[in-house]
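Read off the chains here:
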Amino acid sequence: MSTSFQNIKGTFDILPDAHTDDGGTRTAASAEWRHVEATVRDVMRRHNFEEIRTPVLEPTELVARGVGASTDIVQKEMFAFERGDTQYVLRPEITAPVVRSFLQHHLDQRGGVQKLFYIGPCFRAEQPQKGRYRQFHQFGIEVLGADQPRADAETIAVLMAVCDALGLSDLRLRLNTLGTPECREEYVGALQDFLEPYADELSETSRRRLERNPLRILDTKKAHEQEILRDAPTLIDFVNEKSRTHYDTVKGLLDDLGVEYVEDPHLVRGLDYYTETTFELEHPGLGAQSALAGGGRYDRLAEVLGSDAPVPAVGFAAGMERLFLALDAADVELADTPTPDVFIAALGEEAERWGFRTAQALRAEGLHVAHDLMGRSLKAQMKEANRQNAPHTMIIGGNELEAEAATVKEMESGAQEEVPFDGLIEYLTRTAQTA
């Protein structure tokens, strides 16, 4: 079979079996996605987080404010369009939508700290490459209403717990403090003064950032710019005593949990509403683009989105596609495609009708049942049972209907047993539990 249509560049299909795309990147099977998502949900349950789901369509202005109007995401990478007088965007990230929802629905009135998690697709019109897609998936958490260092440390602990539950190790956690916006403003001035004499040596992108957002230069991957930055002032030298105490407490809590980290004075966030703790989690198996997740505290974002008061907040976002790349690089085995508990092979119209009814009855009891829908020969049906890795095949023909007993074959050993119809549910439930 063939078709004139293919998936849009930068997107991919999640299929029952793992497959490799045109660029040679492995796309995980749907069962592997379910396994990772179920693991995330289980970790969130254990840490007392509740799920939030926001629309993939959001107002363009929300994203411009939440991500930053001067960022590449807003300037170049948004899927934005207009209908009537309304401007829409396919969400490029989920933190701003969560805060929008928190404010719109007055979730603070539920009482206590709101501990929320999400899993869902995001969209960016960037050039596709390994680990980067135009439709990609993120999971993450947002803790809203807590300004204590414990909230920062728990946010990091949740991220590490997900990785641990998936069997992912050899990770590198980078940690820094941004202090207050006032401290950071003083630091930005010092950084600009330091970099101005080197302006001619900077890349075009860095020269542009020098005027608009100097902190972003610290993210450079260019070796000669990294060399220049070795002698640059560091933000920690401009952080006040209160912020230093907050940072030291976060580190102490992580030490208590046995979470290893590396302090990185050049790790920053470019927008003013980010405050205090910031962090990134890396895996060496991802190569140059090694970041699995990033996060930190963003106490000023609610005000940017229209709140009349700040809302203390901290969270992280992790890329699912990058997570799968890291799991592949670490040779972590994920869940296989589920296999049937039993395959029903029926011969003849009457047996087929019996098999069809029995399949539904067994499924109602919680069993995973497969059967033939094409009226094929017994040999073809047995071959299909093998293909689906069914441990047992129930064979039904005229003799079995007359005797009111099914022939149940154990596929690995070839052993067969006659099982009365009225004992099938008990028999197959028992074999499924011991498989």
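Note: the structure precedes this text.
A. Main features of the pattern of salt bridges. Counting across every chain of the model gives 23 salt bridges. Taken together, the shared-partner salt bridges connect R172, R174, D264, R269, E280 and E282 into one network.

B. Fine view of the sheet that holds strand β13 (residues 313-319). On the basis of which strands lie adjacent, the open sheet formed by 8 strands has the order β3-β7-β8-β13-β12-β11-β9-β10 and mixed pairing. Each end of this open sheet is capped by a strand with a single partner; those strands are β3 (50-51) and β10 (262-263). In this structure, strand β9 (residues 172-177) lies alongside strand β11 (residues 275-282), joined through 6 bridges in antiparallel fashion. Paired with T177 across the strands is T277, a residue of β11. Here helix α9 (residues 241-257) sits on the sheet in contact with β9, β10, β11 and β12 (291-297), set at roughly 160 degrees to β9.

C. Representation of the sheet that holds strand β18 (residues 416-420) within the structure. Spatial ordering of the open sheet is given by β15-β14-β16-β17-β18, a layout of 5 strands whose pairing is mixed. Sheet topology places β15 (369-371) and β18 at the edges, where each strand pairs with a single neighbour. Here the average twist between neighbouring strands, direction ignored, is 30 degrees. In this sheet, strand β17 (residues 405-410) lies alongside strand β16 (residues 392-396) in antiparallel orientation, the contact comprising 4 bridges. Along β17, the bridge assignment pairs M394 with V408. Running over the sheet, helix α12 (residues 349-364) touches β14 (342-346), β15 and β16 and is turned about 165 degrees from β15. Of the strands in this sheet, β14, β16, β17 and β18 are in contact with helix α15 (residues 424-434), which crosses β18 at around 135 degrees.

Rules used in this analysis
- Residues numbered from 1 in each chain as written.
- Predicted model: local features only at pLDDT ≥ 70, side-chain atom pairs only at ≥ 80, totals over all residues.
- Heavy atoms only, no water.
- Salt bridge = Lys/Arg side-chain N within 4 Å of Asp/Glu carboxyl O.
- Pairing = 2+ DSSP bridges.
- Helix = DSSP H or I, 4+ residues; strand = E, 2+ residues; numbered from the N terminus.
- Contact = heavy atoms within 4.5 Å.
- Axes fitted to C-alpha atoms, helices over the stretch in contact; angles between N-to-C directions.

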